[in-house]
Amino acid sequence: MRRTVEQTIEELLQLAASHFRVPREQLAPDDDFFEKLRIDSLQALELLTRLEHHFGIELPDYELQGVTSFRALAERIHARL
Amino acid sequence: MLDLSQYASLGEALRDALQRWADHVCLIEADRDRENCRLTYRQFQERALPLVRALQEHGFAPDERAAIIMTNQSKWLISAYAIFYAGGVLVPLDYKLSAQEHWALLRHARASVLITEFPFWRALRQEGRLGELPLRLVLVTEAPPDADLGEALRWEEFRGEGEPTFVPRRREDIACIVYSSGTGGRPKGCLLTHENYLEQCRSLTAIYPFSPEVRYLSILPTNHAIDFMVGFIGPFVCGATVVHLRTLRPEYIREAFVRYKITHMSLVPLILKNLERGLRERFAALPAHKRVALRALMRLNRWLTRRRPNVRLSRRLFPDVHRAFGGHLEMLIVGGAFSEPATLQFFYDLGIPVANGYGLTEACTAVTVNDLRPFRADTVGKPLPGVEVKILNPDADGVGEVAVRGKNVMAGYLDDPELTAETIVDGWLLTGDLGWIDEAGHLHLVGRKKNMIVTEGGKNIYPEDVETFFEGLAVKEFCIFAANYIWPERRLGDEQLILVLHPFPGEEITEAVRHDVLARNRRLPDYKRVHGYLVWDRDFPRTASLKIKRTILAEEIRARRSRADVHWL
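Reading guide: rules and limits
- Residues numbered from 1 in each chain as written.
- Chains lettered and ligands numbered in written order.
- Predicted model: local features only at pLDDT ≥ 70, side-chain atom pairs only at ≥ 80, totals over all residues.
- Helix = DSSP H or I, 4+ residues; strand = E, 2+ residues; numbered from the N terminus.
- Rg over C-alpha atoms; globule rule 2.2 N^0.38 Å.
- Contact = placed C-beta atoms within 7 Å.
- Buried ≥ 20, exposed ≤ 12 C-beta atoms within 10 Å, placed from the backbone.
- Domains from an automatic or database assignment.
- Nonpolar A, V, L, I, M, F, W, Y, C, P; charged D, E, K, R; others polar.
- Core = buried A, V, L, I, M, F, W, Y, C linked by C-beta atoms within 7 Å.
- Pairing = 2+ DSSP bridges.
- Axes fitted to C-alpha atoms, helices over the stretch in contact; angles between N-to-C directions.
- Left-handed = near helix turned anticlockwise from the far one by under 90°.
- Right-handed = clockwise from strand over helix to strand, strands pointing away.

**Here's the deal with the overall build of chain A**
Right, so step 1: Of regular secondary structure, chain A possesses 4 helices and 0 strands.
Right, so step 2: For chain A, the succession of helices and strands along the chain, N to C, is α-α-α-α.
Right, so step 3: In terms of C-alpha radius of gyration, chain A reaches 11 Å, essentially the compact-globule figure of 12 Å for 81 residues.
Right, so step 4: Taken over the C-alpha atoms alone, chain A extends approximately 30 × 25 × 20 Å along its principal axes.
Right, so step 5: Taking all contacts inside chain A whose residues are at least 6 apart in sequence as the whole, residues at least 24 apart take part in 58%.

Okay, structure coming up:
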């Protein structure tokens, strides 16, 4: 069964929390992930790789362009599922 | 390598290079662990000429401006060569900018041709207002089969038949318009001539000679002055191989080093520090006795290579480290922003020389470089051959503004004679950077005179460009400064922008305003964000046309406030 956007957001938040060792409850869909995870653009690319493995899709680097919130990133992922 | 003194234009030099090394591999394009294409110099020519022919059939004329917005890939270089072959002017734009910024620069440059990748074209169309651009031909690469391209044509199908006409250019003709900044305020389109590039390439290769054995990994955007020179023009006129990787993920970069036996790579300090962090984490996980041995070996290597690098020797001392970089790495080239001396020394001690230098788009690419004889982490090196550097109005410590003269200095800024006259005075390019020159002739940079910051990722950020994103704040007036411009400090690195807020009379900065600042900041790319705000209670000094007198305002703030008054975000 196809995931809903909300499910994709939740899975993304869980993955980000475990990858960067942040309690899941501290992350909200509209948070800025650079700020909340205290990561730079290279670390954000690492997250992209982790997401690719989880969702079984390919996410070109440019999908991060102009995206700062978990929700916006999840929407880009969802469009490729 | 080719004798570049014999050539009048980049097109002419590249054309000869493609013939001279016809059977040698010039370009490999990889994406993750896949190889998209591998081209010899002959095959590169065979891909480019039908493109030139088609451009000419569509009326592409000498001096016509063609912009490229693409990630690092083979079609970037093929398209650039085609533009030079046809005598055009290349406008390389940063693909990382937003569609709105692309639109503004395309309009400013008055580019009539655009060559771009599908996602950027889609974003530009969504941005709208295409009708206000002077574009008459758009070529889009890698568009999905059913994609709606509007008026654009597919790059892959844009092919003409028959021999195209090579259009000669003179050395003083403009080769490229490169934007050094100004996407939100005053665009700075540097007019760089064929002479600028040919002479810059001559002086760089005199210090760091390239050869057909060089395999250069290109990860910095090719629109960036460094990669354009060190990852395109330089390798091509020396018959070297360029490897493009269509992802910047560290794991694939590591794999590419091994798979393609990379010998050289350019990077910005941000990536260099990332590599350093990875290595330090690996070292920290070693047993104590191995850590002690490693430190001893690093000291030994430093002593053994105190006069010049000896990479072969260092590879024997640190086989694991060098194997992780593929075992063939000769040198890393770092630029675009200030590098920490400790980071440079760390790599040198491991036998990986890092060529550090100083440059700016207005001076084509580089002004000074470390020639590594001996290696020095504390300076940005000596002026390149044919480039003069002097310090203007030095103070008691010898510190003053760095000025540059040479054949690498741009012709001026596009459509901005006023700014050009302020920037190039009596043939000297005023860089706005502060420094001093030591007895060995090495340049030391200590700060900036200009109201700007340079990020670790090599981006020049001008406060005026960021201000547009804060328009409409519920305050009487506001402006943005580089913190170092108000309170000069003799250091570079970790540079910050601050927002000066002047509330309405009788009001303070409310929680709502603070939230608005935070929210707007979050919508900006991380490198453009302000780092704090300062509350100011006087009217900004303004000109008759109501422009803020920034120098005077900075002086007033300096007299009455300190860094401690900034509310850091």
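More follows now that the structure is in view.
**Notes on the overall build of chain B**
Right, so step 1: Helix and strand counts for chain B stand at 18 helices and 28 strands.
Right, so step 2: What you see for chain B is a C-alpha radius of gyration of 24 Å, in line with the 25 Å of a compact globule of 569 residues.
Right, so step 3: With the principal axes as the frame, chain B shows a C-alpha extent of 75 × 65 × 50 Å.
Right, so step 4: Out of the 569 residues in chain B, the part that is buried amounts to 48%.
Right, so step 5: For chain B, the proportion of contacts with a sequence separation of at least 24, taken over those separated by at least 6, is 69%.

**Focus: the domain arrangement of chain B**
Often, the extent of an interface is quoted as the loss of accessible area upon association of its parts.
All names here are of chain B.
Right, so step 1: Domain annotation for chain B reports domain 1 (4-259), domain 2 (268-448) and domain 3 (462-568).
Right, so step 2: For domain 2 versus domain 3, the distance between C-alpha centres works out to 32 Å.
Right, so step 3: Residue classes in the side of domain 2 that touches domain 3 are distributed as 3 nonpolar, 1 polar and 2 charged.

**Overview of the interface of chain B and chain A**
Right, so step 1: If you look at the interface, chain B gives 14 residues, while chain A gives 14 residues.
Right, so step 2: For the side of chain B that touches chain A, the leading source of residues is helix α9 (residues 269-284) of chain B, giving 3 residues.
Right, so step 3: When its residues are assigned to classes, the side of chain B that touches chain A shows 5 nonpolar, 4 polar and 5 charged.

**Quick word on the nonpolar core**
Residue and element names in this part refer to chain B.
Right, so step 1: Ala67, Ala82, Leu90 and Ile177 are the most contacted members of the largest nonpolar core, which totals 146 residues.
Right, so step 2: Both of domain 1 (4-259) and domain 2 (268-448) provide at least three residues apiece to this core.
Right, so step 3: Residue contacts for Ile177: discarding those within four places in its chain leaves Arg65, Val89, Val91, Ala109, Gly189, Cys190, Leu191 and Leu414.

**Details of the sheet that holds strand β26 (residues 497-502) of chain B**
Residue and element names in this part refer to chain B.
Right, so step 1: Ordered by their spatial adjacency, 4 strands build an open sheet running β25-β26-β27-β28, and the pairing between neighbours is mixed. If you trace the sheet from one side to the other, it starts and ends with β25 (477-482) and β28 (567-568), each paired once.
Right, so step 2: Pairing between strand β27 (residues 532-535) and β28: 2 bridges, direction antiparallel. When the bridges of β28 are listed, Gly532 appears paired with Trp568.

**Description of unusual backbone geometry**
Right, so step 1: With an omega dihedral of 0 degrees, the bond running from Arg373 of chain B to Pro374 of chain B counts as a cis peptide bond.
Right, so step 2: Even without being a glycine, Arg38 of chain A presents a positive backbone phi close to 55 degrees.
Right, so step 3: For Arg38 of chain A, a count of 10 C-beta atoms within 10 Å puts it in the exposed group.

**Considerations on the packing of helix α1 (residues 5-19) of chain A against helix α4 (residues 70-80) of chain A**
Residue and element names in this part refer to chain A.
Right, so step 1: In the contact formed by α1 and α4, the axes pass within 9 Å of each other and the chain directions differ by 120 degrees. Classified by chirality, the crossing of α4 by α1 is right-handed. Here α1 contributes Val5, Thr8, Ile9, Leu12, Leu13 and Ala16 to the contact with α4, which in turn contributes Phe70, Arg71, Leu73, Ala74, Glu75, Ile77 and His78.
Right, so step 2: Residues belonging to the contact of α1 with α4 are distributed by class as follows: 9 nonpolar, 2 polar and 2 charged.

**Some details on the pairing of strand β4 (residues 89-92) of chain B**
Right, so step 1: Covered by surrounding structure in β4 of chain B are Val89 and Val91 of chain B together with Leu90 and Pro92 of chain B, the residues of both alternating faces.
Right, so step 2: Crossover strand β3 (residues 65-69) of chain B to β4 of chain B through helix α3 (residues 74-85) of chain B is right-handed.

**Some points on the sheet that holds strand β12 (residues 264-267) of chain B**
All names here are of chain B.
Right, so step 1: Strands sit in the order β2-β1-β11-β10-β12-β13-β14-β15-β16 across an open sheet of 9 strands; the sheet is mixed. Here the strands that pair on one side only, and so sit at the sheet edges, are β2 (34-40) and β16 (382-383).
Right, so step 2: Two strands pair when backbone bridges link them, and strand β10 (residues 215-218) and β12 are joined in this way by 2 bridges, in the parallel orientation. Residue Tyr216 lies in a different strand from β12, and its bridge partner there is His264.

**A word on the environment of Arg323 of chain B**
Residue and element names in this part refer to chain B.
Right, so step 1: By secondary structure assignment, the location of Arg323 is in helix α12 (residues 319-324).
Right, so step 2: With 12 C-beta atoms packed within 10 Å, Arg323 lands in the exposed category.
Right, so step 3: Between the alpha carbons of Arg323 and Phe257 there is a distance of 9.3 Å; along the sequence they are 66 residues apart.

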